[in-house]
Amino acid sequence: QKTGEIIVKVVNSESEPAQVKIALEGSNTSRYKMSETWLSSASATDENSLDFPNKVAPKTVGNAIVNRNFTYLAKPLSLTILRFTPEKPIQEAKR
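For the structure given in this document, a descriptive report is provided here. (Residues numbered from 1 in each chain as written. Predicted model: local features only at pLDDT ≥ 70, side-chain atom pairs only at ≥ 80, totals over all residues. Heavy atoms only, no water.)

## Some details on the sheet that holds strand β4 (residues 59–67)
The condition that has to hold: The rule for pairing is simple: two strands pair if DSSP sees at least two bridges between them. Helix and strand definitions follow DSSP, with helices as H or I runs of at least four residues and strands as E runs of at least two, each counted in order from the N terminus. Lines are fitted to the C-alpha atoms to define the axes, a helix being fitted only along its stretch in contact, and any angle between axes, read from their N-to-C directions, falls within 0 to 180 degrees.
The strand order across the open sheet formed by four strands is β1-β6-β3-β4, and the pairing between neighbours is antiparallel. Each having just a single partner strand, β1 (6–12) and β4 make up the two edges of the open sheet. Put simply, the sheet's adjacent strands are angled 25° from each other on average, direction ignored.

As structure tokens, then:
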């Protein structure tokens, strides 16, 4: 089954948040459900250890509604995977 999901990966290697303009195309809808999963830490040298096994661990939030064109605020020192699903499923063309 086609879901029409679009996946965008965002990397911010700076110590400040970054504004990223996103324009989604390839779907017949103008609104999407967005979920985001990110890895981020206060320092670029942070790493997990036995004492702090989750110092750098993925976090996920989901189901925000966004428009086709919007500005995303990327967290500092982060890798983020954004998943967009059209609000209404795409109908497959009949042959």
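## Things to note about a nonpolar patch on the surface
The line we're drawing: Grouping into patches uses exposed residues only, defined as over 30% relative accessible area, and leaves out salt-bridged ones; the cut-off is 9 Å for like charges and 5 Å for nonpolar side chains (Val, Leu, Ile, Met, Phe, Trp, Tyr). Surface exposure here means Shrake-Rupley accessible area, sampled with a 1.4 Å probe, where a residue is shielded only by the protein chains that are shown. Criterion for a salt bridge: a side-chain nitrogen of Lys or Arg within 4 Å of a carboxyl oxygen of Asp or Glu. Type-normalised accessible area, obtained with a 1.4 Å probe on protein chains alone, sets the label of each residue: buried when under 20%, exposed when over 50%, and partly exposed for intermediate values.
On the surface, Val-11, Leu-39 and Leu-79 cluster together into a nonpolar patch covering about 250 Å² of accessible area. Tracing the backbone through its elements, the reader meets Leu-79 in strand β6 (residues 78–86). Leu-79 sits in the partly exposed class, given a relative accessible area of 37%.

## A closer look at the pattern of salt bridges
Pairs can form between side chains of opposite charge whenever their charged atoms are close. This structure, assessed with the given rule, holds four salt bridges. The closest approach of N and O atoms between Glu-5 and Arg-83, which form a salt bridge, is 3.3 Å. In this pair, Glu-5 is assigned in the segment before β1 and Arg-83 in strand β6, connecting sequence segments 78 residues apart. According to the relative accessible area criterion, Glu-5 is partly exposed, its value standing at 37%. On the basis of relative accessible area, Arg-83 is assigned to the partly exposed category, the value being 35%.

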